[in-house]
Amino acid sequence: MSTMVAESQAKDVGVKTERFLELADKVIGFANHSALEMRKDAVHLAFLYGTARYGVFVWQNSPKMVDEEAFIAQMLKRYEAMLREQLGDARLKNRPSSM
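In this text, all values refer to a predicted model and were calculated from it rather than measured experimentally.

What counts as what
- Residues numbered from 1 in each chain as written.
- Predicted model: local features only at pLDDT ≥ 70, side-chain atom pairs only at ≥ 80, totals over all residues.
- Heavy atoms only, no water.
- pLDDT = per-residue confidence, 0-100.
- Helix = DSSP H or I, 4+ residues; strand = E, 2+ residues; numbered from the N terminus.
- Patch = residues over 30% accessible without salt bridge, like charges linked within 9 Å, V, L, I, M, F, W, Y side chains within 5 Å.
- Areas by Shrake-Rupley, 256 points an atom, 1.4 Å probe, with all protein chains shown as cover.
- Salt bridge = Lys/Arg side-chain N within 4 Å of Asp/Glu carboxyl O.
- Buried < 20%, exposed > 50% of the residue type's maximum accessible area, 1.4 Å probe, protein only.
- Axes fitted to C-alpha atoms, helices over the stretch in contact; angles between N-to-C directions.
- Parallel < 35°, antiparallel > 145°, perpendicular 65-115°, else oblique.
- Left-handed = near helix turned anticlockwise from the far one by under 90°.
- Contact = heavy atoms within 4.5 Å.
- Phe/Tyr/Trp six-rings, centres within 6.5 Å; stacked < 30°, edge-to-face > 60°.

Topic: the confidence of the model for the chain
Interpretation of this model should avoid reading the predicted coordinates in detail wherever pLDDT is low. Here the chain averages 89 in pLDDT, while 88% of its residues score no lower than 70. Within the chain, the lowest mean pLDDT, 89, falls on helix 1 (residues 4-12), and the highest, 96, falls on helix 3 (residues 40-60).

Overview of a nonpolar patch on the surface
A cluster of nonpolar residues, Leu45, Leu48, Tyr79, Leu83 and Leu87, forms a patch on the protein surface that exposes about 470 Å² of accessible area. Mapped onto the nonpolar patch, the elements with two or more residues apiece are helix 3 and helix 4 (68-87). Looking at the nonpolar patch element by element, the count peaks at 3 residues for helix 4. Counting through the fold element by element, Leu45 comes out in helix 3. Taking the relative accessible area as the measure of exposure, Leu45 reaches 54% and is therefore exposed.

Here's the deal with the packing of helix 1 against helix 2 (residues 17-34)
Contact geometry of helix 1 with helix 2 gives a least axis separation of 9 Å together with a crossing angle of 110°. Regarding the angle of helix 1 to helix 2, the classification is roughly perpendicular. At the point where helix 1 passes helix 2, the crossing takes the right-handed sense. Of the residues in helix 2, those in contact with Ala6, Glu7, Gln9 and Ala10 of helix 1 are Thr17, Phe20 and Leu21.

Some details on the packing of aromatic side chains
This model, assessed by the stated rule, comprises 3 aromatic pairs. Here the aromatic rings of Phe30 and Phe47 are separated by 6.0 Å at their centres, their planes lie at 50°, and the arrangement is tilted. Separated by 17 residues along the polypeptide, Phe30 in helix 2 and Phe47 in helix 3 bring together distant segments of the chain. Residue classification places Phe47 among the partly exposed positions, given a relative accessible area of 24%.

Here it is as structure tokens:
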């Protein structure tokens, strides 16, 4: 599994990469459990919505708060890097494309 982006993100916020990945795995585990009772696309969108809500909460309480547009651009850049890394993960290749 490629973790270059995770390593960079963890370093940016002063967290050990292992701890960062452990938390991500817990979130994925909860998503997988939730997908037993809901459609995967619904779980996915609920997690994105929750991520947006929590991200705004963190942004609003940050001593280094940038303006809204800079925050949005920063979050989009981070998400795109994470998404592209995961799309390049060989373990995810050849999986069904439907949710």
